[in-house]
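# Structure assessment
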Amino acid sequence: MSIAKYSSPLTGLPGNKLINEELLKALSKESCSVLYFDLDYFKAYNDQYGFEKGDQVIRLLAQIIQKNLLQGYLLSVNRKGEKECFPLVSVSIAVLPIRKNRYQSLEALTEAAAFGKKLAKNMSGSSYYTLTNAPEIHQKKG
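Residues numbered from 1 in each chain as written. Predicted model: local features only at pLDDT ≥ 70, side-chain atom pairs only at ≥ 80, totals over all residues. Heavy atoms only, no water.

## Points about unusual backbone geometry
Put simply, the rule is: Counting from the N terminus, the helices are DSSP H or I runs at least four residues long and the strands are E runs at least two residues long. Accessibility here uses a 1.4 Å probe with only protein chains present; expressed as a share of the type maximum, an area under 20% marks a residue as buried, one over 50% as exposed, and anything in between as partly exposed.
Although it is not a glycine, tyrosine 41 sits at a positive phi angle of roughly 60°. Turning to its location among the elements, tyrosine 41 is positioned in the loop between α2 (16-28) and α3 (42-49). On the basis of relative accessibility, which here comes to 72%, the residue tyrosine 41 falls in the exposed class.

This is the structure we're talking about:
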């Protein structure tokens, strides 16, 4: 009853009173870890898409935290239909600065984007890779 009373109605996660109580308990322990979550650039997202969409993001993060974060992975079915542990979702972004005549076609642009995404995926966690030079794209000769 006390947990429900002091939980956020939006997320169902503990509110400030319960968090402060747990932090005080943590201070007296010999060893423990504290996780502090913050949604980067959330104000800009909320301003752009509105409070309703912002609330959806917060609720989704709360669900991820409650169901998966404590175990450190997602248990799901892979493409072969087998249960598998997957790392938590991250984002890989290719950044392509565009200059006049840098890409000669839409195909060259999309291939460069795929190449940049591949390089970003080679980094751990959420990441981005900026293509400072256009990669050489070998076009098929017909």
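## Side note on the side chain of asparagine 46
So the rule is basically this: Contacts were defined at the residue level, with two residues in contact if any of their heavy atoms lie within 4.5 Å.
If you trace the backbone, asparagine 46 turns up in helix α3. A relative accessible area of 13% places asparagine 46 in the buried class. Not counting chain neighbours up to four residues away, the residues in contact with asparagine 46 comprise Phe51 and Gly54.

## Re the confidence of the model for the protein
The test is simple: On a scale of 0 to 100, pLDDT captures the predictor's confidence in every residue.
Taken over all residues, the pLDDT of the protein has a mean of 80, while the share at 70 or more is 87%. Averaged pLDDT values for the elements of the protein fall to 64 in helix α1 (residues 2-5) and rise to 92 in α3. Of the regions scoring below 50 in pLDDT, residues 137-142 engages in five contacts with residues more than four places distant in sequence or in other chains.

## A look at helix α5 (residues 106-121)
Formally: For a helix, the expected span equals 1.5 Å multiplied by the residue count minus one. Throughout, the arc means that of the directions going from the helix axis to the C-beta atoms.
For α5, spanning 16 residues, the distance from its first C-alpha to its last is 22 Å, which sits close to the expected 22 Å at 1.5 Å a residue. Buried within α5 we find Ala108, Ala112, Gly116 and Ala120. Across the axial projection of α5, the buried residues extend over an arc of 115°, all falling on one side. Along α5, the residues that are exposed and aim more than 90 degrees away from the buried face are Leu106, Lys118 and Lys121. For α5, the elements touching its buried residues are β3 (92-95) and β4 (127-130).

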